[in-house]
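Observations on the model geometry
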Amino acid sequence: MPSTDSPLISLRAVTKVFGQGEAAFVALRGIDLDIAAGEFVAILGTSGSGKSTCMNILGCLDSPTAGSYLLEGIAVEQLPADVLARLRNERFGFVFQGFNLLRRTSALENVELPLIYAGVSGRERDRRSREALAAVGLAGRERALSNELSGGQQQRVAIARALVNRPEIVLADEPTGNLDSRTSREIMELLGRLRTELGLTIVMVTHDRDIAEYAERHVVFRDGQIVEDRRRELAA
Amino acid sequence: MRLDLTAAVALKALARNKMRSLLTTLGVVIGVSAVIMMQAVGQGATARVTGEIAGLGSNMLIVLPGGPNHGGFGGNLRSAPQFTRDDLAAIRREVGAVRTVAGVSSRSIRAVVGEKNRSTNLSGVTPEFFDVRGWQAERGRLLTEDDERMAQKTCAIGQSVSDDLFGGQDPIGAELRLHDLSCRVVGLLERKGVSTFGQDQDDFVLIPHTTFARRIAGDDHHGTLMVSAVSEARTDEAKAQIEALLRQRRRIREGEDDDFNVRDLREIQNILGSVTGVLTTLLASVAAISLVVGGIGIMNIMLVSVTERTREIGVRLAIGARSRDILRQFLVEAIVLASAGGAIGIALGTAGAWALSRALGVPFMFPLQAALVAFAVSVVVGVVFGVFPARKASRLRPIEALRYE
């Protein structure tokens, strides 16, 4: 269990360099970032500012070149690949800009996927997947194939998939980037509601100021550094 | 991840691309069905050939003119001396291991009945011929001692000759003309069908050897002697005794080659068996190569599939798949494809073999061993050719796989 005074996520002097020598590109220059359990953080910045790289490191999809990443006090960068896979499976839920559903596959089967890798079998998997779909407002659409769903519906399936294994942290990379503004609002309201209901910590990358309004903390990246970190009251 | 879940994931992935899965597996399907068909037809042909020869009697010897070095089956019939009536009598009298001996002389001839005529094989045979070959009359009678002694103008005919010249009417008692010899049909022999090599075994006219000698050949030599040994166990003994006797009668000195040749049917059986065996092996190796080609086809498509599904692999890694889960998934996909191909191939090959056996007139034999081997090989093909694409897929880094466009 996390001790009450240590943050859920803690990045210390995290540096990420892509490539080597002349072609080397420094994406992150010694980032310090703490995120407490239950926060809704928007990471803002232009493309190339390092916000996506930071997100990938947070999600254990990529590892820092230097510095440390503590998840509940555990040094993540020293963990073997299989343990990282289990962390991604149990602690994180991912929501992508392009939804990334398996094509020609039913909503239910898409949502089941994390449970398959978690080793949850049969009836339990089916029950939890249906619950998750109902929670995102897609009850009755379990059998619909991914390509038969609208963009907003596909993103709802993706959110259900992210939440089905009951993670504490949702990492959303431009979750509304492929959606129109009305659907974007619906998705953001859904995320906000689920966060309250399930006590989630949400970290969301976006370049859209309007979408960032749904978060209570804005972290702004520029040239691989955090230039602004501001907490704000949520509009009711 | 548990194996049944891995299998479920792999099967779903294959089901998403039914057409491609089918095409991928086609190479193995064709390879396996080719193996099955070749083996089945090869075994059927071998069984039929050996059965036919066994039907001649395993204690039968054939004495042919011409030495063993004169170039194979009767390669030198003309120059080598034929067998005299005295040779035949001497074998019958002096060789203890011989039960009976028949003399046979043959040539092709045109047989005429009324308006109809047919080119057929005429043989002058001694009455023992029927005993040696085990031939029975379906109607009428066989040629007898009396026919032979008195050089009767009688004949026994095969079913094909009867069908052709008498068109379903009873031939017994009818007259048949062979050149200027007119003879009465006294017997119709049982039907023996077509041999493996396509020879009509019912296309013949048999007359007494004495009649043949006087009216057709102009000499009383026998072209071939057919010998029946007392028992199968004494066949070798009979062969040795006949060789010794004929060498003595013909005054062949020590060290000189025989000018005749005693053939044991078991030898012929072995030779034919080995020929069909070699053919079967050859055909099977061609089929095996096509199986390997099928495996390469699977590998090729799996590699393309890994590239095409890079994003899918990225998503799976992001939501908690370990690299060995990905490895297993792709490996299981390859094995499922290959073994499904094997199973379909066995089914198609069996059906094809059955049809081909019918068409060629050989007995249908399901090659159980070949089927098991072919199935095992296709599973192995799946593993071998699936490992490389599966490793490639499992080594993708999650972030690169996710970014892949």
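Look up a bit, the structure's there.
What comes next is a walk through the structure. Just so we're clear, the structure is a prediction, and the values are computed from it rather than from any experiment.

As for the nonpolar core
Grouped together as the largest cluster of nonpolar side chains are 127 residues, with contacts concentrated most on Ile43, Ala160 and Val203 of chain A together with Val35, Ile36 and Ala334 of chain B. With 14 residues, helix α2 (residues 18-55) of chain B is the single largest residue contributor to this core. If we ignore the near neighbours within four places in the chain, the residues touching Val35 of chain B are Ala284, Ala287, Ala288, Leu291, Gly349, Ala370 and Ala374 of chain B. Counting 47 residues, the second largest nonpolar core, distinct from the first, contains Leu64, Val185, Leu188 and Ile207 of chain B.

Describing the packing of helix α11 (residues 323-360) of chain B against helix α12 (residues 368-394) of chain B
Residue and element names in this part refer to chain B. Look at α11 against α12: their axes get within 7 Å of each other, and the N-to-C directions meet at 150 degrees. With respect to α12, the element α11 is oriented roughly antiparallel. The handedness of the crossing between α11 and α12 is right-handed. Taken together, the residues of the contact of α11 with α12 sort by class into 21 nonpolar, nine polar and two charged.

Side note on the sheet that holds strand β3 (residues 40-44) of chain A
Residues and elements named next belong to chain A. Read from one edge to the other, the open sheet built from six strands follows the order β6-β7-β8-β3-β9-β10, with strand pairing classed as mixed. Bordering the open sheet on either side are β6 (92-95) and β10 (225-231), each of which pairs with just one other strand. Strand after strand, the sheet turns through a mean of 15 degrees between neighbouring axes, direction not considered. The sheet contact formed by β3 and strand β8 (residues 201-205) spans four bridges and is parallel. Residue pairing for β8: Val41 is matched across the bridge by Val203.

Description of the pairing of strand β9 (residues 224-229) of chain B
Residue and element names in this part refer to chain B. Among the six residues of β9, six are classified as buried, and the element is accordingly described as predominantly covered. Along β9, one buried face is formed by Thr224, Met226 and Ser228 and the opposite face, lined by Leu225, Val227 and Ala229, is buried too. In the sheet, strand β1 (residues 60-65) pairs with β9 via four bridges, with the strands oriented antiparallel. Across the sheet, residue Met60 finds its bridge partner in β9, namely Ser228. With six bridges joining them, strand β2 (residues 98-113) and β9 adopt antiparallel strand pairing. Looking at β9, one finds that Val104 is bridged to Thr224.

A word on unusual backbone geometry
Residue and element names in this part refer to chain A. The backbone phi angle of Phe99 is positive, close to 65 degrees, even though this residue is not glycine. Mapped onto the fold, Phe99 is located in the loop between β6 and α3 (107-118). The buried category is assigned to Phe99, around which 23 C-beta atoms lie within 10 Å. Of note, Asn100 is a non-glycine position whose phi angle comes to about 55 degrees, a positive value. Tracing the chain through its elements places Asn100 in the loop between β6 and α3.

Cut-offs and rules
Residues numbered from 1 in each chain as written. Chains lettered and ligands numbered in written order. Predicted model: local features only at pLDDT ≥ 70, side-chain atom pairs only at ≥ 80, totals over all residues. Core = buried A, V, L, I, M, F, W, Y, C linked by C-beta atoms within 7 Å. Buried ≥ 20, exposed ≤ 12 C-beta atoms within 10 Å, placed from the backbone. Helix = DSSP H or I, 4+ residues; strand = E, 2+ residues; numbered from the N terminus. Contact = placed C-beta atoms within 7 Å. Axes fitted to C-alpha atoms, helices over the stretch in contact; angles between N-to-C directions. Parallel < 35°, antiparallel > 145°, perpendicular 65-115°, else oblique. Left-handed = near helix turned anticlockwise from the far one by under 90°. Nonpolar A, V, L, I, M, F, W, Y, C, P; charged D, E, K, R; others polar. Pairing = 2+ DSSP bridges.

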